[in-house]
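Commentary on secondary and tertiary structure
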Amino acid sequence: TFNSPPVASDDTLNVAPNVARELTKFDFGNYSDPDNNPWANIQITTLPSNGVLEYLSGSTWVPVTLNQIISYSDLDAGKLRYTPNSGATSDSVGFKVGDGLTSSVAAYSLVITVVPTAQQITFANPNAKAPSQTFASGATASSRLTVSLVSNTTGICTVSGLNITTLAVGTCSITSTQSGDSTYA
């Protein structure tokens, strides 16, 4: 009997820095098979160079090896994950798809982009303050990185570090920023 090889497509994936991301069947292109054979597996044809691809073997995560075959049911069970290296911004994994009888002729790429995690800056409204008072803003970033403050109304209030000083009666307007790092935007 004759079996035509299946085909797939390249795919893309955004991941957070320094966080393991489970890879599923949806991360490995659009599978199709001319013989209508079901998707059975993927074969890893190129390992990532800026991260770690791991397979859950029993209860232990182990590095994937070149040309390792991962079954479709293992993908469904969450047994494949990718973790970017610290400071990585992009990576890729090469793969072929298989129908249990043969693999695709072409190898495809899962192109991975490491997207910094959004952060949120918070500080409470200090309510009305009389002139000539200095108080801590309490500004914090969810990233735990240091926040910068700037007064938009320097005739009403000034900023030194994370402290605010009132100068005159009026509405004090402060802009808070945190430029992020390799993990946070």
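First, a word on what this report is: a plain description of the structure on this page. (Residues numbered from 1 in each chain as written. Predicted model: local features only at pLDDT ≥ 70, side-chain atom pairs only at ≥ 80, totals over all residues. Heavy atoms only, no water.)

We now examine the overall build of the protein. Within the protein, the secondary structure is distributed over one helix and 16 strands. Scaling as 2.2 N^0.38, a compact globule of 185 residues should have a C-alpha radius of gyration of about 16 Å, whereas the protein reaches 26 Å, well beyond that. Along the longest, intermediate and shortest principal axes, the C-alpha atoms of the protein span 90 × 30 × 25 Å. Per-residue burial for the protein yields a buried fraction of 35% across its 185 residues. Surface exposure of the protein reaches about 10000 Å², of which carbon and sulfur atoms provide 51%. Within the protein, one finds 7 positive and 12 negative side-chain charges whose respective centroids are separated by 14 Å. (Helix = DSSP H or I, 4+ residues; strand = E, 2+ residues; numbered from the N terminus. Rg over C-alpha atoms; globule rule 2.2 N^0.38 Å. Buried < 20%, exposed > 50% of the residue type's maximum accessible area, 1.4 Å probe, protein only. Areas by Shrake-Rupley, 256 points an atom, 1.4 Å probe, with all protein chains shown as cover. Lys, Arg positive; Asp, Glu negative; His and termini not counted. Charge placed at Lys NZ, Arg CZ, Asp CG, Glu CD.)

The next subject is the side chain of aspartate 33. With respect to the helices, strands and loops of the structure, aspartate 33 is situated in the loop between strand E2 (21–22) and strand E3 (41–46). Here aspartate 33 is buried and forms no salt bridge, its nearest opposite-charge partner lysine 96 lying at an N-O distance of 14 Å. Polar contacts involving the side chain of aspartate 33 include one to the main-chain amide nitrogen of aspartate 35, which spans 2.8 Å. Residues within four places of aspartate 33 in sequence aside, it is in contact with Ser4, Pro5, Pro6 and Asp99. (Salt bridge = Lys/Arg side-chain N within 4 Å of Asp/Glu carboxyl O. Polar contact = N/O pair within 3.5 Å; in protein donor to acceptor, adjacent residues only side chain to side chain. Contact = heavy atoms within 4.5 Å.)

According to the stated counting rule, one finds four salt bridges in the structure shown. With a shortest N-O distance of 3.2 Å, aspartate 27 and arginine 21 are connected by a salt bridge. What makes aspartate 27 buried here is its relative accessible area of 7%. As a salt-bridge pair, lysine 25 and aspartate 76 come within 3.1 Å of each other at their nearest N and O atoms. Residue lysine 25 is found in the loop between E2 and E3, and its partner aspartate 76 is found in helix H1 (residues 72–76); the two are separated by 51 residues along the sequence. Here lysine 25 falls in the buried class, since its relative accessible area comes to 18%. On the basis of relative accessible area, aspartate 76 is assigned to the partly exposed category, the value being 47%.

Scanning the model with the defined rule gives four aromatic pairs in all. An angle of 85° between the planes, with centres 5.0 Å apart, marks the rings of phenylalanine 28 and phenylalanine 95 as edge-to-face. Of this pair, phenylalanine 28 sits in the loop between E2 and E3 while phenylalanine 95 sits in strand E8 (residues 90–98), and the two are 67 residues apart along the sequence. We note that phenylalanine 28, like phenylalanine 95, is buried. Linked through ring pairs, Phe28, Phe95 and Tyr108 together constitute an aromatic cluster. (Phe/Tyr/Trp six-rings, centres within 6.5 Å; stacked < 30°, edge-to-face > 60°.)

If you walk across this open sheet you meet the five strands as E1-E9-E8-E3-E6, and the pairing is mixed. The open sheet has two edge strands, strand E1 (11–15) and strand E6 (69–71), and neither has a second partner. Neighbour-to-neighbour, the strand axes of the sheet open up by a mean angle of 30°, direction not taken into account. Summarising the sheet, E3 and E6 pair through three bridges and their orientation is antiparallel. Bridge pairing links asparagine 41 to serine 71 in E6. (Pairing = 2+ DSSP bridges. Axes fitted to C-alpha atoms, helices over the stretch in contact; angles between N-to-C directions.)

Looking now at the nonpolar core. Burial of nonpolar side chains together is a common tendency in soluble globular proteins. Counting 24 residues, the largest nonpolar core has Leu23, Phe28, Ile42, Leu53, Leu80 and Leu110 as its most contacted members. Sorting the residues of this core by element identifies E1, E3, strand E4 (51–57), strand E7 (80–84), E8 and strand E9 (108–114) as the ones contributing at least two each. Top element by residues in this core is E9. It accounts for four residues. Sequence-distant contacts of leucine 80, that is, excluding residues within four places in its chain, are made with Arg21, Glu22, Leu23, Phe28, Ile42, Leu53, Glu54, Trp61, Val64, Ile70 and Leu75. (Core = buried A, V, L, I, M, F, W, Y, C linked by side-chain atoms within 4.5 Å.)

Further remarks concern the environment of proline 48. Among the structural elements, proline 48 can be located in the loop between E3 and E4. The exposure class assigned to proline 48 is buried, which follows from its relative accessible area of 13%. Between the C-alpha atoms of proline 48 and valine 64, which are 16 residues apart in sequence, the distance is 9.9 Å. Sequence-distant contacts of proline 48, that is, excluding residues within four places in its chain, are made with Leu53, Tyr82, Asp91, Ser92 and Val93.

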